[in-house]
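So the chains spell out like this:
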Number of protein chains: 2
Amino acid sequence: MTSTTPRRRNAAATREAILTSAIAAFTEHGYDGVGVRDIAADAGVTAMLVNRYFGSKEGLFTEVVDVSFARPTMVPGTADGLATETARTLVARTSADADHLGPFELMLKSAANPKAAEIMRSAIRRHVGARFTAALDGPDADERAELGIALIAGTWLMRRIIGTPALRDADPDLLATQVARMLAVVVEPPA
Amino acid sequence: MTSTTPRRRNAAATREAILTSAIAAFTEHGYDGVGVRDIAADAGVTAMLVNRYFGSKEGLFTEVVDVSFARPTMVPGTADGLATETARTLVARTSADADHLGPFELMLKSAANPKAAEIMRSAIRRHVGARFTAALDGPDADERAELGIALIAGTWLMRRIIGTPALRDADPDLLATQVARMLAVVVEPPA
DNA sequence: CGTCGTAATCTACAGGTGTAGACAAAACCT
DNA sequence: AGGTTTTGTCTACACCTGTAGATTACGACG
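Novice: Report on the interface of chain B and chain A, specifying residues and quantitative values.
Specialist: The interface of chain B with chain A comprises 40 residues on the first partner and 40 residues on the second. The junction of chain B with chain A conceals about 3800 Å² of combined surface from both sides, 72% of it contributed by carbon and sulfur atoms. Among the residues of chain B in contact with chain A, E143(B), I162(B) and M182(B) are the three that bury the most area, contributing 17% of the side total. One can count zero salt bridges joining chain B with chain A. Looking at the side of chain B that touches chain A, the element that brings in the most residues is helix α8 (residues 141-162) of chain B, giving 15 residues. A breakdown of the residues in the side of chain B that touches chain A according to their chemical character gives 26 nonpolar, five polar and nine charged.

Novice: Before we move on, could you go through the side chain of S68(A) and cite the residues and values that matter?
Specialist: Tracing the backbone through its elements, the reader meets S68(A) in helix α4 (residues 57-70). Contact partners of S68(A), with chain neighbours within four places excluded, come to G102(A), P103(A) and L106(A).

Novice: Lay out the protein's contact with DNA strand C in plain terms, naming residues and giving numbers.
Specialist: Near DNA strand C there are 22 residues, and of these R37(A), K57(A), R9(B), T14(B) and T46(B) occur at the shortest range. Atoms of DNA strand C within 4 Å of the protein belong to the sugar or the phosphate in 58% of instances, the rest to bases. At 3.5 Å, a backbone N or O of V34(A) approaches a phosphate oxygen of DNA strand C. Within the side chain of R37(A), a nitrogen or oxygen atom sits 2.9 Å from a base nitrogen of DNA strand C. Where the surface near DNA strand C is concerned, the elements lending two or more residues are α2 (36-43) and α3 (47-54) of chain A together with α1 (11-29) and α3 (47-54) of chain B. Residue contributions to the surface near DNA strand C peak at four residues, all from α3(B). Across the surface near DNA strand C, the residue classes tally to eight nonpolar, six polar and eight charged.

Novice: Break down the relation of the copies chain B and chain A for me, with residues and values.
Specialist: Between chain B and chain A, which share one sequence, the superposing operator has a rotation angle of 180° and an axial displacement of 0.0 Å; the RMSD is 0.0 Å. Both copies of the chain, as the preceding transformation shows, are related through a two-fold rotation axis. Residue G154(B), judged by its C-alpha, is the member of chain B lying nearest the rotation axis, at 2.0 Å. The residues that chain B uses at the interface reappear at the interface of chain A in 100% of cases, marking a shared surface.

Novice: Give me the lowdown on the environment of E58(B), citing residues and values where you can.
Specialist: Residue and element names in this part refer to chain B. For E58, the position within the fold is in helix α4 (residues 57-70). Sequence spacing of E58 and Y31 is 27 residues, and the spatial spacing of their C-alpha atoms is 8.8 Å. Among residues more than four places away in sequence, those in contact with E58 are Y31, K115 and I119.

Novice: An account of the domain arrangement of chain A is requested, with residue identities and associated values reported.
Specialist: Residue and element names in this part refer to chain A. When its domains are assigned, chain A resolves into domain 1 (11-57) and domain 2 (71-187). Each partner contributes residues to the interface: domain 1 has eight residues there, and domain 2 has nine residues. Looking only at domain 1, the three residues that lose the most surface to domain 2 are T27, E28 and Y31, adding up to 65% of its buried area. Taken together, domain 1 and domain 2 are joined by zero salt bridges. Our enumeration of links across domain 1 and domain 2 arrives at three residue pairs in polar contact (both at pLDDT 80 or more). Taken together, the residues of the side of domain 1 that touches domain 2 sort by class into three nonpolar, three polar and two charged.

Criteria and thresholds
- Residues numbered from 1 in each chain as written.
- Chains lettered and ligands numbered in written order.
- Predicted model: local features only at pLDDT ≥ 70, side-chain atom pairs only at ≥ 80, totals over all residues.
- Heavy atoms only, no water.
- Contact = heavy atoms within 4.5 Å.
- Buried area = accessible area lost by both parts, 1.4 Å probe.
- Salt bridge = Lys/Arg side-chain N within 4 Å of Asp/Glu carboxyl O.
- Helix = DSSP H or I, 4+ residues; strand = E, 2+ residues; numbered from the N terminus.
- Nonpolar A, V, L, I, M, F, W, Y, C, P; charged D, E, K, R; others polar.
- Near = heavy atom within 4 Å.
- Polar contact = N/O pair within 3.5 Å; in protein donor to acceptor, adjacent residues only side chain to side chain.
- Least-squares fit on C-alpha atoms with pLDDT ≥ 70 in both.
- Domains from an automatic or database assignment.

Written out as structure tokens, the structure is:
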């Protein structure tokens, strides 16, 4: 419940409030880590309204994934400095005091559930993968794009979710440089 | 229940059976995806024996992580061809028909739970990270080792858990080459 | 063969899960 | 104002979760 006005009776606004709460909750705790009651309470409504508007918890998650993955994240549109820019943004977003928590956190936190994984698979291809692929030249763009995403996801996992010390306390500039050099391998079109 | 002998009353063997079942179950479904009853039933005992021998579900998971991460996986001891060898093994282990399912699957499937994540953090540093770091020369070995682990974990996630098509159907040799080139960035000592 | 320690089970609890169905109330439309 | 549709809540179900306490049965040893 973030809106200030009590919002008496408004289907669209209520739906939006539930969706907003769900994005935050699923991203922070993962599909299995949240109950529909938690989401509903945070949106200021009853649990049953969730099923009323989204059919089921699974239906709600489907919409959450679609919205979260549709927002441009991390990958700039142009190929100029793609590796460097992406690496810098990644390091910033995964720093200890960052608060953005985008689709990568959502993906990693919900990957354990097979149903959630299947829902995310298509969304990744349609949104994140498509954006990344479009920025690449040369052959095997899909495969190279997904390898880039894999590096980003893995770094996010180690640095922010598992929290391994060496990556957590690494110098941001040095880390960004290393990640950029790894990304460059798949970003630069093969000679 | 994999052992052939009925095993009537044997504390050590029972403990081992529970641990074996737990490793398989936690690796396949993640910390939140399994109940102690599932593990106990698979070991041929009652749920209460789990708490009797391991204190709690969390205690059992701690021991599972320790055992699973202690086994050498993927990273060869020598630095010769480390990147190439590791990449080849990774691609083989994440192929559709692979059945090994080591610590990386366990880590990714259980990362959503904060308690599990904390348990895995120290184990990774003590086991996997230490092995990888020891194989590296030059400065910032810890950081570079964890970046290598991040790439492996991310590739595992995309290829085997999420199952994105481009990485799933990629030509194994080509994929291994790409991964090896990315790994080489952190494996080769900086000039 | 009886006794004793312990491996293993049985019963149970307090809480949480997603969701179905019946009900209350607010808002809109004549 | 009266009636109807929509918006929201309440109660409830069937099931699963981890774990505590009391109880049974097996096996070895004297």
